[in-house]
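Below, each chain spelled out in residue letters.
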Amino acid sequence: MTLMLGVDLDGRDVLLVGGGAVATRRLKRFLREGARVRIVAPELHEEARALVADEGLTWRARRFRGSDLSGAWLVHVATGDPHVDRRIAERCARRRILCVNASDGVHGTARLTAQAELGDVSIAVTSTVGADPRRSLTVRDAIVDLVSDGRLPLRRRRAHRTGRVDLIGGGPGPVDLMTVRARRLIAEADVLVVDRLGPAAEVIAGLDADVEVIDVGKRPGRHPVPQEEINRIIVARAVEGRRVVRLKGGDPFVFGRGGEEVRACLSAGIAVDVTPGISSAIAVPQAAGIPVTHRGTAAAFHVVNGQGDIGDGTLAALRDETVTTVVLMGVASLHRLVAAALANGVPEDRPIAFVESGHTPQQRTTRTTVGRAVADARAVGLRNPAVIVVGEVAMAGLLVPAHDTIGAILA
Ligand code: SAH
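Residues numbered from 1 in each chain as written. Predicted model: local features only at pLDDT ≥ 70, side-chain atom pairs only at ≥ 80, totals over all residues. Heavy atoms only, no water.

## Quick notes on the overall build of the chain
Logical step 1: The helix and strand inventory of the chain stands at 13 helices and 17 strands.
Logical step 2: Computed over C-alpha atoms, the radius of gyration of the chain comes to 29 Å, more than 25% over the 22 Å expected from 2.2 N^0.38 for 411 residues, which places it beyond the range of a compact globule.
Logical step 3: Based on the C-alpha atoms only, the size of the chain along its principal axes is roughly 85 × 50 × 40 Å.
Logical step 4: Buried positions account for 45% of the 411 residues belonging to the chain.
Logical step 5: Sequence separation of 24 or more characterises 60% of the internal contacts of the chain that already satisfy a separation of 6 or more.
Logical step 6: Taken as a whole, the chain presents about 21800 Å² of accessible surface, with 52% of it coming from carbon and sulfur. (Helix = DSSP H or I, 4+ residues; strand = E, 2+ residues; numbered from the N terminus. Rg over C-alpha atoms; globule rule 2.2 N^0.38 Å. Buried < 20%, exposed > 50% of the residue type's maximum accessible area, 1.4 Å probe, protein only. Contact = heavy atoms within 4.5 Å. Areas by Shrake-Rupley, 256 points an atom, 1.4 Å probe, with all protein chains shown as cover.)

## With respect to the site of the ligand
Logical step 1: The local shell around the ligand holds 18 residues, among which Val-254, Ser-279, Ser-280, Gly-358 and Ala-386 are the closest.
Logical step 2: At 2.8 Å, a side-chain N or O of Ser-279 approaches an oxygen atom of the ligand.
Logical step 3: Between the ligand and the protein, one listed contact pairs a nitrogen atom with a backbone N or O atom of Gly-358 at 2.8 Å.
Logical step 4: Burial of the ligand by the protein chains amounts to 92% of its free accessible area of 550 Å². (Near = heavy atom within 4 Å. Polar contact = N/O pair within 3.5 Å; in protein donor to acceptor, adjacent residues only side chain to side chain.)

## As for the domain arrangement of the chain
A common way to express how large an interface is: the accessible area buried when the components associate.
Logical step 1: We note that the domain assignment places domain 1 (13–112), domain 2 (164–278) and domain 3 (281–410) within the chain.
Logical step 2: Taking the mean C-alpha position of each, domain 1 and domain 3 sit 61 Å from one another. (Domains from an automatic or database assignment.)

## Regarding the pattern of salt bridges
Logical step 1: Under the definition given, this model contains 22 salt bridges.
Logical step 2: Taken together, the shared-partner salt bridges connect Arg-164, Asp-166, Arg-184, Glu-188 and Arg-243 into one network. (Salt bridge = Lys/Arg side-chain N within 4 Å of Asp/Glu carboxyl O.)

## Concerning the environment of Leu-16
Logical step 1: The residue Leu-16 is located in strand β1 (residues 13–17) in this model.
Logical step 2: Excluding residues within four positions of it along the chain, Leu-16 makes contact with Ala-23, Arg-26, Leu-27, Phe-30, Val-37, Arg-38, Ile-39, Val-40 and His-76.

## Concerning the side chain of Thr-126
Logical step 1: You can see Thr-126 is positioned in the loop between β7 (121–125) and α4 (133–148).
Logical step 2: Its relative accessible area of 18% is what places Thr-126 among the buried residues.

## Things to note about the packing of aromatic side chains
Logical step 1: Under the counting rule described, the total for this entry stands at zero aromatic pairs.
Logical step 2: A cation over an aromatic ring shows up here: Arg-12 above the ring of Trp-73, its NZ or CZ 4.4 Å from the ring centre. (Phe/Tyr/Trp six-rings, centres within 6.5 Å; stacked < 30°, edge-to-face > 60°. Lys NZ or Arg CZ within 6 Å of the ring centre and 35° of its normal.)

## Here's the deal with the sheet that holds strand β17 (residues 386–390)
Logical step 1: Spatially, the five strands line up as an open sheet ordered β13-β14-β17-β15-β16, and their pairing is mixed. One side of each edge strand has no neighbouring strand; the edge strands of this open sheet are β13 (300–305) and β16 (364–369). On average, each strand axis in the sheet is inclined to that of its neighbour by 20 degrees, with strand direction left out of account.
Logical step 2: Bridge count between β13 and strand β14 (residues 323–328): six bridges; the pairing is parallel. What sits directly across from Val-304, in β14, is Val-327.
Logical step 3: Across the sheet, helix α9 (residues 280–287) is in contact with β13, β14, β15 (351–356) and β17; its angle to β17 comes to roughly 80 degrees. (Pairing = 2+ DSSP bridges. Axes fitted to C-alpha atoms, helices over the stretch in contact; angles between N-to-C directions.)

## With respect to the pairing of strand β9 (residues 191–194)
Logical step 1: Side chains Val-191 and Val-193 project from β9 onto one buried face, and the interleaved Leu-192 and Val-194 project onto a second face that is buried too.
Logical step 2: Both β9 and strand β10 (residues 212–215) contribute to a ladder of four bridges, which runs parallel. Paired with Val-191 across the bridge in β10 is Glu-212.
Logical step 3: Handedness of the crossover joining β9 and β10 through helix α6 (residues 200–205) is recorded here as right-handed. (Right-handed = clockwise from strand over helix to strand, strands pointing away.)

## Brief notes about the environment of Val-144
Logical step 1: Among the structural elements, Val-144 can be located in helix α4.
Logical step 2: Sequence separation between Val-144 and Ile-230 is 86 residues; the distance between their C-alpha atoms is 33 Å.

## Some remarks on the environment of Ile-388
Logical step 1: Counting through the fold element by element, Ile-388 comes out in strand β17.
Logical step 2: Counting along the chain gives 58 residues from Ile-388 to Gly-330, while the straight-line C-alpha distance between them is 6.9 Å.
Logical step 3: Sequence-distant contacts of Ile-388, that is, excluding residues within four places in its chain, are made with Thr-325, Val-326, Val-327, Gly-330, Val-331, Leu-334, Ile-352, Ala-353 and Phe-354.

## Some points on α4
Logical step 1: For α4, which comprises 16 residues, the first-to-last C-alpha distance of 23 Å matches the rise-based estimate of 22 Å (1.5 Å per residue) to within 8%.
Logical step 2: Burial in α4 covers these residues: Ser-136, Arg-140 and Val-147. For α4, the angular spread of buried residues about the axis comes to 35 degrees, placing them on one side. Along α4, the residues that are exposed and aim more than 90 degrees away from the buried face are Arg-134 and Thr-138.
Logical step 3: Where α4 is buried, its residues touch β6 (114–118), β7 and α5 (180–188).
Logical step 4: Immediately downstream of α4, the backbone of Gly-150 shows phi near 70 degrees, a positive value. (Expected span 1.5 Å × (residues − 1). Arc of directions from axis to C-beta.)

Now the structure itself:
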């Protein structure tokens, strides 16, 4: 029988008997927990020696003595000799000190677990019969995998004292292009504030019915919610003590106005954090087989908002044949970008690609040149969302001859 206890070792005296590879692994684990570790071992593994020096730990370079037990909350034995380990474990039992015995197949009065921290939840796995660390690890990893799929119900059931806001980058669309951290934070959220872009629809479908979902994205025939209003919504929900996830397409800090939301939270005294996402600036060209940099072809890339003014930096990037220019939100003003490029010395035959709905089943790539871009965009009926790539990397056949996506080649 085993009672699993969550033991707080922070600042507590832990005695480690033995100095081999197992002891070293355990030493690192106890140090992560903040324990004050003492070591007794005639010899010490090189890595453990380094830790002793770095952390200023006590190491007695000799065999175990009974007096070593004084003051210890917990003892860990791994001398490499099962008889010695067992003798020390028995001695601990007589002195009522919990002892982990690392000898194969036996347990002392305490045992370590295969553990994982999932945000503010700890899970621990152990065997109730003989030690089977490999199985414990496999079970633990399977539980961790459920988190990456967003399938663990991690929401708190007791009210929080304080709310918080997480700005999360959802990537370009597919749920499996989100980070594990994003999936976990969404599973913990009480409120989800979403845009239209990115993986929102699929994520919402998997939520508990009582999670509040607020859609602030643009829709045909509907004005988007103004930024100040979004700031107000996320702050107000967090002030109520709720965990708010603000889910955005791509990365929150790439034309996502994430910086403004961070400021709004901080100035209201709300804890806020940002989880990065895969930005469409890189991932959408990639979906069409276009690397934004490529040795010998493009040494830098310039990312610009197509709705803004076309500044000198962008004109310089467009002119420089070793720079890739990536334009987001550029469909409506393509003619303006092309006119400025041509008027500023960009050759008509500079390659340009339009990648619509990257990483979705509707993905479509059109490759043309700056000179023909406007006519070709009209001919194909170019639509949002799309990333426009200007530069030599957009040339057909750079990586993949005669196909326009890597997916097409693999299919
Ligand atoms: N923060 C986002 C960008 C927001 S601006 C990011 O890092 O990706 C919105 C623009 O992103 C769109 O106008 C379009 O240019 C681009 N975009 C986002 N997702 C896209 C997709 N799946 N396919 C093509 N373009 C996309």
